[in-house]
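Listed below are the residues making up each chain.
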Amino acid sequence: MKMSILDRILLLIATLLAAYQIAVGIDGLSTVPTIAYSIAFGVILVAGLLLIIFGLEVLDSPIVAIVSSLIPLSLATGLVWHHLPFFKVQYLVFAILWLLIIVITRVLHAPNKLSLFVLIVVHGIAGLTIFLLPVILVLTGRALPRYLFVSAGGALIGLNGVLLALLNAGKPLLSHESIFRVLPGLLLLMTATLVAGFALST
Amino acid sequence: MQFTTTLIESSEQMKKVLTKIQLYWPLIKSLQTGLLVATGMAGYMTVRCPVFNLPTMVGLFISLVTSISGSTILNMWWDRDIDAKMRRTQQRPLPSNKISPREALVVGLVLSFVGMGLATTIDALFGLIIFAGLFFDVVIYTIWLKRRTCWSIVLGGISGAIPILAGRALGLGSIDWIGIVLALGILLWIPTHILTFSMRYFADYKAACVPTFASVYGFTFTRATIAISSVLASLAMVGAAWGIGMTWGFLRLLGVLSIGLLLLAFTMIFRPSEKVNFGLFKYASLYMLSSMMLMVL
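Residues numbered from 1 in each chain as written. Chains lettered and ligands numbered in written order. Predicted model: local features only at pLDDT ≥ 70, side-chain atom pairs only at ≥ 80, totals over all residues. Heavy atoms only, no water.

(A) Spotlight on the overall build of chain A. In terms of regular secondary structure, chain A is built from seven helices and zero strands. Going residue by residue from the N terminus, the α and β elements of chain A occur as α-α-α-α-α-α-α. Relative to the 2.2 N^0.38 estimate, which gives 17 Å for 202 residues, the radius of gyration of chain A is 16 Å and therefore close to what a compact globule would have. Taken along its principal axes, the extent of the C-alpha atoms in chain A is 45 × 40 × 25 Å. Of all 202 residues assigned to chain A, the portion counted as buried reaches 51%. Summing over all exposed atoms, chain A offers an accessible surface of approximately 9,300 Å²; the carbon and sulfur share of this is 77%. Counting 9 positive and 5 negative side-chain charges, chain A places the averaged centre of each group 10 Å from the other. (Helix = DSSP H or I, 4+ residues; strand = E, 2+ residues; numbered from the N terminus. Rg over C-alpha atoms; globule rule 2.2 N^0.38 Å. Buried < 20%, exposed > 50% of the residue type's maximum accessible area, 1.4 Å probe, protein only. Areas by Shrake-Rupley, 256 points an atom, 1.4 Å probe, with all protein chains shown as cover. Lys, Arg positive; Asp, Glu negative; His and termini not counted. Charge placed at Lys NZ, Arg CZ, Asp CG, Glu CD.)

If you want it as structure tokens, here you go:
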């Protein structure tokens, strides 16, 4: 499927927003969350550029399942490290462990059901963390209401992740063409809400 | 009546000038010249603020445009017999006889001397570096090595790395290690560009009997060379960025872009294909442009 000029523009804006977030960072963070956020936005940036260069067909690559899991895992790790210091090490171990499990199931061509289960667990837990943590922080008065943009970004990451993971596992929710059509816009919306969430709440 | 005749005559003169410019435009390889000029300006801006040094910036711009255009025209003049044999270059103004070789030679020499003269007037060291670039491009690369060895791109690449070194030396007043590392970054990026084209137009180069890495060592070795030189180019750019004192945020961004380049380079080595090759070439060009922008910001 050929990529339209509009798709390229949407992807370019998404990559520029991701580049901006990496460059400005977030004030007062220690090394681990800074690295975690940089990985999340770095994956968006590099993936956006590769999509512009190679076209949407690159999404058929088996590596997409690993790469698309990196965004929620690293973002959730950054959030937990930042706001839930009691669980920071446990969550980091969880993130690394499940990422390794995804890599192993992909490299060893594990049965489809197992690969799918692993992806659902990872996207489910990481997605819920990104979605719920900002909501709880806002409800308990520990963050400004504008931090809810991060929750919105988390929901969109979940949607993106599920669409790509199921497509990659051969059980797509939408048709191949439909996913390719909505993906650039979804990627931009996701990046924009996350950047807005971090920028407006600091 | 006389006024109308003069008007018609001057309009025809104008048309002739425009036609000439249109003919010379492909002869100076506008995109390549533009990129090289941009690296020279970026080299200067890593040392000095362009707003407070506008006259020098204008001088730098004009001297780079004229000297690079001049050397490119001289290169085209010398290689017109090769260009005539290659499908990709057959329609260039010299092999298609749209411009006479003598005229191209004169224009190339005049532009080169104007560029060098202006550069020397601005600063003697800057002029010397520009002269070295011209010498490497026209004499060492084009006349001496291009038809003899595929390794000509290494020495020829030095001329491509000269503008950024010259720009920084003009701003600094001397040559420092950062300028050399920046030049090294460009030198290592050049194989990504040239070798990709040598594989894409393999038959053309073979027909013209120009030795390339692909024809001498094969495609696998050439692809590995592209991948390794891209990685080394990114390391050089990160090293130079650190030396310049780039902020942590920009360094982080450059690091992320470098990781993307590394991933593509590994893909190129372990899963080589023309698509990945051309993708790496595009990404590496984008990487260079981005790193230049980050350095001048």
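Picking up after the structure, the text goes on.
(B) Examining the overall build of chain B more closely. Scanning chain B from terminus to terminus reveals 13 helices and zero strands. Secondary structure elements in chain B, listed N-terminal to C-terminal, are α-α-α-α-α-α-α-α-α-α-α-α-α. Radius of gyration (C-alpha) of chain B: 21 Å, near the 19 Å computed for a compact globule of 297 residues. Over its C-alpha atoms, taken along the principal directions, chain B stretches across nearly 70 × 50 × 35 Å.

(C) Structural view of the packing of helix H3 (residues 64-83) of chain A against helix H4 (residues 88-107) of chain A. Residue and element names in this part refer to chain A. Interaxial distance between H3 and H4 falls to 9 Å at its minimum, and their mutual angle equals 175°. Between H3 and H4, the angle falls in the class roughly antiparallel. Taking contact as the criterion, the partners of Ala65, Ile66, Ser69, Leu70, Leu73, Ala76, Thr77, Val80 and Trp81 in H3 are, on H4, Lys88, Val89, Tyr91, Leu92, Phe94, Ala95, Leu99, Ile102, Val103 and Arg106. When grouped by side-chain class, the residues that make up the contact of H3 with H4 number 15 nonpolar, two polar and two charged. (Axes fitted to C-alpha atoms, helices over the stretch in contact; angles between N-to-C directions. Parallel < 35°, antiparallel > 145°, perpendicular 65-115°, else oblique. Contact = heavy atoms within 4.5 Å. Nonpolar A, V, L, I, M, F, W, Y, C, P; charged D, E, K, R; others polar.)

(D) Summary view of the interface of chain A and chain B. The partner chain B presents 14 residues to the 14 residues of chain A that form the contact. Our count for the chain A to chain B interface comes out at one residue pair in polar contact (both at pLDDT 80 or more). At the level of secondary structure, the elements contributing two or more residues to the side of chain A that touches chain B comprise helix H1 (5-24) and helix H2 (31-54) of chain A. Per element, the largest residue contribution to the side of chain A that touches chain B is nine residues, and it comes from H2 of chain A. Residue classes in the side of chain A that touches chain B are distributed as ten nonpolar, four polar and no charged. (Polar contact = N/O pair within 3.5 Å; in protein donor to acceptor, adjacent residues only side chain to side chain.)

(E) Fine view of the domain arrangement of chain B. Residues and elements named next belong to chain B. Here chain B is described as being made up of domain 1 (30-173) and domain 2 (176-297). When domain 1 packs against domain 2, the two sides together hide about 2,400 Å² of surface, and 78% of this comes from carbon and sulfur. Together, Arg88, Cys150 and Ile153 form the three largest contributors to the area buried by domain 1 at its contact with domain 2, with a combined 23%. Across the contact surface, domain 1 and domain 2 share one salt bridge. For the salt bridge of Arg168 with Asp176, the shortest nitrogen-to-oxygen distance reads 2.8 Å. Taken together, domain 1 and domain 2 are joined by five residue pairs in polar contact (both at pLDDT 80 or more). Of all the elements in the fold, those that place two or more residues in the side of domain 1 that touches domain 2 are helix H2 (30-45), helix H4 (80-85) and helix H7 (152-172). The greatest single-element share of the side of domain 1 that touches domain 2, amounting to ten residues, is contributed by H7. (Domains from an automatic or database assignment. Buried area = accessible area lost by both parts, 1.4 Å probe. Salt bridge = Lys/Arg side-chain N within 4 Å of Asp/Glu carboxyl O.)

(F) View of the pattern of salt bridges. All names here are of chain B. The full count for this structure, using the stated rule, is seven salt bridges over all chains. The salt bridge partner of Glu103 is Lys20, with a shortest N-O separation of 3.2 Å. Of the two residues, Glu103 sits in helix H5 (residues 101-122) while Lys20 sits in helix H1 (residues 2-27), which places them 83 residues apart along the sequence. Overall, Glu103 belongs to the partly exposed group, its relative accessible area being 27%. Connected via shared salt-bridge partners are Asp79, Asp81, Lys146 and Arg147.

(G) A nonpolar patch on the surface, seen in detail. Residue and element names in this part refer to chain B. A cluster of nonpolar residues, Trp78, Leu128, Phe131, Phe135, Val139 and Ile143, forms a patch on the protein surface that exposes about 520 Å² of accessible area. Position of Phe135 relative to the elements: it lies in helix H6 (residues 124-145). By relative accessible area, which is 36% here, Phe135 ends up partly exposed. (Patch = residues over 30% accessible without salt bridge, like charges linked within 9 Å, V, L, I, M, F, W, Y side chains within 5 Å.)

(H) Geometry of the side chain of His83 of chain A. Residue and element names in this part refer to chain A. Tracing the backbone through its elements, the reader meets His83 in helix H3. Here the side chain of His83 touches Tyr147 through a polar contact of 2.9 Å, side chain to side chain. Setting aside its immediate chain neighbours within four residues, His83 contacts Leu133, Leu137, Arg142 and Tyr147.

(I) Up close: the packing of aromatic side chains. Residues and elements named next belong to chain B. Within the structure shown, the criterion is met by 17 aromatic pairs over all chains. Pairing Phe202 with Phe219 gives two aromatic rings, centres 5.3 Å apart and planes at 70°, and the pair type is edge-to-face. Taken together, the positions of Phe202 in helix H9 (residues 202-207) and Phe219 in helix H11 (residues 219-244) put the pair 17 residues apart, joining distant regions of the chain. Residue Phe219 is classed as partly exposed on the basis of its relative accessible area, which comes to 31%. (Phe/Tyr/Trp six-rings, centres within 6.5 Å; stacked < 30°, edge-to-face > 60°.)

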